[in-house]
Amino acid sequence: MSLPPPARTRRVDLVRSRAELPADVREVLDRYERHLAAERGLSPHTVRAYQGDVVGLLVHVAADNPADATVDSVDLAALRSWLAAQLAGGASRTTMARRAAAARTFTAWAARVGLLADDPGPRLSAPRPHRTLPAVLRPDQAEAAMSVADFAAENGDPVALRDQAVVELLYATGVRVAELCGLDLDDVDYSLRVIRVLGKGSRERTVPFGVPAERAVRRWVEQGRSALVSAGASNALFVGVQGRRLDTRTARRVVHDVVGAVPGTAPLGPHGLRHSAATHLLEGGADLRTVQELLGHATLATTQLYTHVTVERLKAIHDRTHPRS
């Protein structure tokens with residue numbers, strides 16, 4: 001079985017394919033990119049993903065000669081043929097669903113700005129992605145992970161102080177790792193114990209945190225940050241060893257290392273802490289709407305995934321403890 005090419009190779013292929021498209025099509029792609037970034041406020045990562053899917057669609061429409069690609073050739077038959085090619089190439093249900101969504105977003109925009117006579121997107125069906133249950137920590141495992149970070153920070157090492165503040169704040173708030181790394185010093189209100197977060201779609205929300213996270217963040221800012229920060233960090237709350245704003249890859253490694261030090265835990269990153277925070281809130285009695293607001297979910301359907309996690313836990317406890325399970 002052949003393995004998929006590395007992500008960097010795929011990006012290079014897409015850049016090459018885009019360059020082979022006609023100039024007028026590349027101009028359309030530039031307009032579409034500006035629409036996604038400026039009007040819809042999508043993240044650079046999401047914009048790249050959507051653009052890559054549309055480039056792949058246009059190249060497929062033109063078959064073996066990208067120079068023949070035209071936007072008005074994107075009809076329902078072309079969309080179905082493109083998805084069928086993805087399926088034949090071994091794409092997963094999740095990938096198929098994402099690419100279908102990207103295609104619908106593009107055709108809706110193209111029809112609205114007059115590039116397509118009508119929008120074929122609503123008639124395009126694709127397999128629904130499997131909604132897998134996220135890996136989460138038990139409350140005692142989360143407590144143990146926080147203790148690991150606390151113990152490492154006892155000697156006052158700046159990196160250890162930062163790492164403790166990172167894991168405490170991620171677990172306390174359930175924010176995304178990119179949201180955490182994007183925090184500035186003045187986004188933290190210690191008196192109210194809340195942070196101001198800029199989430200997906202440039203939506204701003206206020207998220208509370210508890211006393212342990214407050215202590216960890218204060219200690220990092222007052223005792224550790226000055227030892228690492230450089231002029232290039234600007235007002236960033238968290239910085240790396242080079243003195244610049246902390247990047248998401250480093251934050252993921254921090255969480256992976258801290259959680260991995262707890263016996264019996266599965267490999268877990270920042271998103272696992274986010275899942276754990278949401279699950280523990282629901283298990284503690286929080287309602288779905290509140291958790292939706294805290295996590296910054298656009299729809300309640302996304303938050304409802306966590307109810308399945310709590311049900312699965314209840315079933316597991318029942319199977320383990322009930323005499324007639």
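To be clear, the structure that these remarks concern was listed above.
Residues numbered from 1 in each chain as written. Predicted model: local features only at pLDDT ≥ 70, side-chain atom pairs only at ≥ 80, totals over all residues. Heavy atoms only, no water.

### Quick word on the packing of aromatic side chains
Test applied: Two rings belonging to Phe, Tyr or Trp (six-membered ring only in the last case) form a pair when the distance between their centres is within 6.5 Å. Interplanar angles under 30 degrees mark stacking, angles over 60 mark edge-to-face geometry, and anything in between is tilted. Helix numbering and strand numbering both begin at the N terminus, where a helix is a DSSP run of H or I of at least 4 residues and a strand a DSSP run of E of at least 2. Think of it in three bands: residues with accessible area under 20% of the maximum for their type are buried, residues over 50% are exposed, and the middle band is partly exposed, with areas taken using a 1.4 Å probe on protein chains only.
With the rule as written, the count across this model stands at four aromatic pairs. Judged by centre distance (5.0 Å) and plane angle (80°), the ring pair of Tyr32 and Phe106 falls under edge-to-face. Taken together, the residues Tyr32 in helix α2 (residues 23-39) and Phe106 in helix α5 (residues 93-112) connect sequence positions 74 residues apart. No difference in accessibility class separates Tyr32 from Phe106, as the two residues are buried. Taking 6.3 Å as the distance between ring centres and 20° as the angle between the ring planes, the aromatic pair formed by Trp220 and Phe238 counts as stacked. With Trp220 in helix α9 (residues 211-228) and Phe238 in the loop between α9 and α10 (248-260), the pair connects residues that are 18 residues apart, well separated along the chain. The class of Trp220 is buried, set by a relative accessible area of 0%.

### What about the environment of Ala165?
What counts here: When checking whether two residues touch, look at their non-hydrogen atoms; a contact exists if any pair is within 4.5 Å.
Structurally, Ala165 can be placed in helix α7 (residues 158-173). What makes Ala165 buried here is its relative accessible area of 0%. Excluding anything up to four places from it in sequence, Ala165 contacts Ala216, Val217, Trp220 and Phe238.

### Some words on the packing of helix α3 (residues 44-61) against helix α4 (residues 76-88)
So the rule is basically this: Angular values range over 0 to 180 degrees, each being the angle between N-to-C directions of two axes fitted as lines to C-alpha atoms, with helices fitted over their stretch in contact. Roughly parallel refers to an angle under 35 degrees, roughly antiparallel to one over 145, roughly perpendicular to one between 65 and 115, and oblique to any angle outside these ranges. Note that Gly is not counted as nonpolar here; it falls among the polar residues with everything else outside the nonpolar set of Ala, Val, Leu, Ile, Met, Phe, Trp, Tyr, Cys and Pro and the charged set of Asp, Glu, Lys and Arg.
Viewed as axis vectors pointing N to C, α3 and α4 meet at an angle of 105°, and their least axial separation amounts to 10 Å. What the angle tells us is that α3 and α4 run roughly perpendicular. Side by side, α3 and α4 meet where Asp53, Gly56, Leu57, His60 and Val61 of the first sit next to Ala78, Leu79, Ser81, Trp82 and Ala85 of the second. In terms of residue class, the contact of α3 with α4 is made up of six nonpolar, three polar and one charged.

### Quick word on the sheet that holds strand β3 (residues 204-208)
Through backbone hydrogen bonds, the strands of a sheet pair up, either in parallel or in antiparallel fashion. Defined as follows: Following DSSP output, two strands are said to pair if at least two bridges run between them.
In spatial order, the strands read β1-β2-β3; together these three strands make up an open sheet with antiparallel pairing. Only two strands of the sheet have a single partner each, and these edge strands are β1 (188-189) and β3. In this structure, β1 lies alongside strand β2 (residues 194-198), joined through two bridges in antiparallel fashion. The residue of β2 that forms the bridge with Asp189 is Val194.

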